[in-house]
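Read off the chains here:
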Amino acid sequence: MKIVSGMRPTGRLHLGHLIGTLYNWRRLQETGECFFFVADWHALTTDYDRMQGVGTSIIEMVIDWIAAGIDPARATIFLQSGVREHAELHLLLSMITPIAWLERVPTYKETQQQLGDRDLSTYGFLGYPVLQAADILMYGATGVPVGADQVPHVELTREIGRRFNRVFGDTFPEPQALLTGTSRVPGLDGRKMSKSYNNAVFLADTAEEVRAKLSRMMTDPRRARRHDPGDPDDCPAYQLHRVYCTPEELTSTAEGCRTARIGCLECKQVMIARAEQELAPIREHRAALAARPDDVHDVIAAGTRRARTVAEATMAAVRARVGVGGNV
Ligand code: SF4
């Protein structure tokens, strides 16, 4: 299976990215041919006037990818803007994409409402799902790992690819959405974990910081007093238990919660210890990588060259089909 997935260059990643995306990428690279890219052009679609420091953010993010186990020897890690063919395919696909298809993408209106402080009245923002389609179709992806909210984007990519194939001849396979199990990881305050909510546990955090943050993570409000029973299903912290604890630990802590046999701090210690087992080697690896940013840059450069080779071949076929863009 060919897999394509990208992430905007947000800088240092947190547990939400690790659990929601990187564990899945790590699994996929075992069996699939994976292309993981830094979506810096996508960042422009909502933040064109806030791109200061993006170079540092790119390196920081890729450090976290590799530290979390994304292996440049197995997966192609590349920079979207380093493969200019994405822009060309975006342009060609935009010629056959009806505006109505873009206006009905659910996240179009939702994001405009959520990010009221940004200028989202642009052609680039409306068209970003077409850029996404170009990213995916370029590599002949057959699988795209996404959260449930991104499924309409993959469906749109399939529609655009189908239309291209119908108009110009069979060129692109149809990608399937590969639903990730966990797309919403709670932050310390119970809302979705996000840097902008200031509720995140970062992969770069020290063991002490992780412990301190998770110790004060929100729990079931029913457990206001030590002897009040609670329900793990209503506890944001327990969602991390589900990721990191063994079945026996889950059974024991859930029973301890429901009967008030244990307090929240005692309960969380079990999860914190397990999470730390996972985070400690990542932290160590990321510190080693952060000391050698030039090596990380080289990884991105090599991956971008590899991606470009595939993209050049795709575009040669696409130009021949469309009849525009060949050598003069
Ligand atoms: S005891 Fe555990 S599961 Fe129950 S509310 Fe506290 S932290 Fe959450």
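The structure reproduced in this document is the subject of the present report.

Reading the values: the criteria
Residues numbered from 1 in each chain as written. Predicted model: local features only at pLDDT ≥ 70, side-chain atom pairs only at ≥ 80, totals over all residues. Heavy atoms only, no water. Helix = DSSP H or I, 4+ residues; strand = E, 2+ residues; numbered from the N terminus. Rg over C-alpha atoms; globule rule 2.2 N^0.38 Å. Buried < 20%, exposed > 50% of the residue type's maximum accessible area, 1.4 Å probe, protein only. Areas by Shrake-Rupley, 256 points an atom, 1.4 Å probe, with all protein chains shown as cover. Lys, Arg positive; Asp, Glu negative; His and termini not counted. Charge placed at Lys NZ, Arg CZ, Asp CG, Glu CD. Contact = heavy atoms within 4.5 Å. Near = heavy atom within 4 Å. 1 Å grid on protein atoms, 1.4 Å probe; cavity = no way out; pocket = protein on both sides within 12 Å on 5 of 7 lines; lining within 4 Å. Sits in = over half its atoms within 2 Å of the grid points. Nonpolar A, V, L, I, M, F, W, Y, C, P; charged D, E, K, R; others polar. Axes fitted to C-alpha atoms, helices over the stretch in contact; angles between N-to-C directions. Parallel < 35°, antiparallel > 145°, perpendicular 65-115°, else oblique. Left-handed = near helix turned anticlockwise from the far one by under 90°. Points joined across faces, edges and corners; volume = space filled by probe spheres on them. Disulfide = S-S within 2.5 Å. Pairing = 2+ DSSP bridges. Phe/Tyr/Trp six-rings, centres within 6.5 Å; stacked < 30°, edge-to-face > 60°. Lys NZ or Arg CZ within 6 Å of the ring centre and 35° of its normal.

## Looking at the overall build of the chain
Looking only at helices and strands, the chain features 14 helices and 5 strands. A globule of 328 residues ought to have a C-alpha radius of gyration of about 20 Å, and the chain, at 22 Å, matches this closely. Projecting the C-alpha coordinates of the chain onto the three principal axes gives extents of approximately 80 × 45 × 40 Å. Buried positions account for 50% of the 328 residues belonging to the chain. Accessible surface for the chain amounts to roughly 15,400 Å². Of this, 53% is attributable to carbon and sulfur atoms. Separation between the mean location of the 39 positive side-chain charges and that of the 40 negative ones in the chain comes to 2 Å.

## Remarks on the environment of leucine 137
Within the element layout of this structure, leucine 137 appears in helix α8 (residues 128-138). In this structure the C-alpha to C-alpha distance between leucine 137 and isoleucine 160, which are 23 residues apart in sequence, comes to 9.4 Å. Residues in contact with leucine 137, not counting those within four places in the same chain, are Leu93, Thr157, Gly161, Phe172, Pro173 and Pro175.

## Describing the site of the ligand
Looking at the ligand, the residues that line it are Thr219, Asp220, Arg223, Cys235, Tyr238, Cys257, Cys264 and Cys267. In this structure the site holding the ligand corresponds to the largest cavity. Of the residues contributing to the shell around the ligand, the split by class is 5 nonpolar, 1 polar and 2 charged.

## A look at the packing of helix α4 (residues 85-94) against α8
Pairs of packed helices are described in terms of their axes, by the angle between the two and the distance that separates them. Running from amino to carboxyl end, α4 crosses α8 at an angle of 120°, the nearest separation of the two axes being 8 Å. By the criterion of interaxial angle, the relationship of α4 to α8 is oblique. Our pair here, α4 against α8, has a crossing hand that is right-handed. Contacts from Glu85, His86, Leu89, His90, Leu93 and Ser94 of α4 reach α8 at Val130, Leu131, Ala133, Ala134, Asp135, Leu137 and Met138.

## Digging into empty space enclosed by the protein
Applying the stated rule across the entire model yields 1 cavity of 30 Å³ or more. The volume enclosed by the largest cavity comes to roughly 100 Å³. Residue lining of the largest cavity: 14 residues in total, with Thr219, Cys235, Cys257, Cys264 and Cys267 positioned closest to the centre. Elements that contribute at least two residues to the lining of the largest cavity include exactly α11 (236-244), α12 (247-258) and α13 (264-290).

## Quick word on the layout of surface pockets
What the second largest pocket holds in volume is close to 200 Å³. Contributing elements (two or more residues each) for the lining of the second largest pocket: α2 (40-47), α4, α7 (123-126) and α8. Ranked by residues supplied to the lining of the second largest pocket, first place goes to α2 with 3 residues. Each residue belonging to the lining of the second largest pocket can be placed in one class, and the counts come to 7 nonpolar, 5 polar and no charged.

## Side note on the state of the cysteines
According to the stated counting rule, one finds 0 disulfides in the structure shown. Residue cysteine 245 stays outside any disulfide, its sulfur separated by 7.8 Å from that of cysteine 267, the closest cysteine. Residue classification places cysteine 245 among the buried residues on the basis of a relative accessible area of 10%. For cysteine 267, a relative accessible area of 10% gives the class buried.

## Things to note about the pairing of strand β5 (residues 176-179)
Summarising the sheet, strand β4 (residues 143-146) and β5 pair through 4 bridges and their orientation is parallel. Bridge pairing in β5 links proline 145 to leucine 178.

## A short note on the packing of aromatic side chains
Taken as a whole and judged by the stated rule, the model has 10 aromatic pairs. Ring geometry for phenylalanine 78 versus tyrosine 139: centroids 5.4 Å apart, planes at 50°, classification tilted. Residue phenylalanine 78 is found in strand β3 (residues 75-79), and its partner tyrosine 139 is found in the loop between α8 and β4; the two are separated by 61 residues along the sequence. Using a relative accessible area of 0% as the deciding quantity, one classes phenylalanine 78 as buried. Among the aromatic side chains, those forming a connected cluster through ring pairs are Phe35, Phe37, Phe78 and Tyr139. It is arginine 191 that lies over the ring of tyrosine 197; its NZ or CZ is 4.0 Å from the centre.

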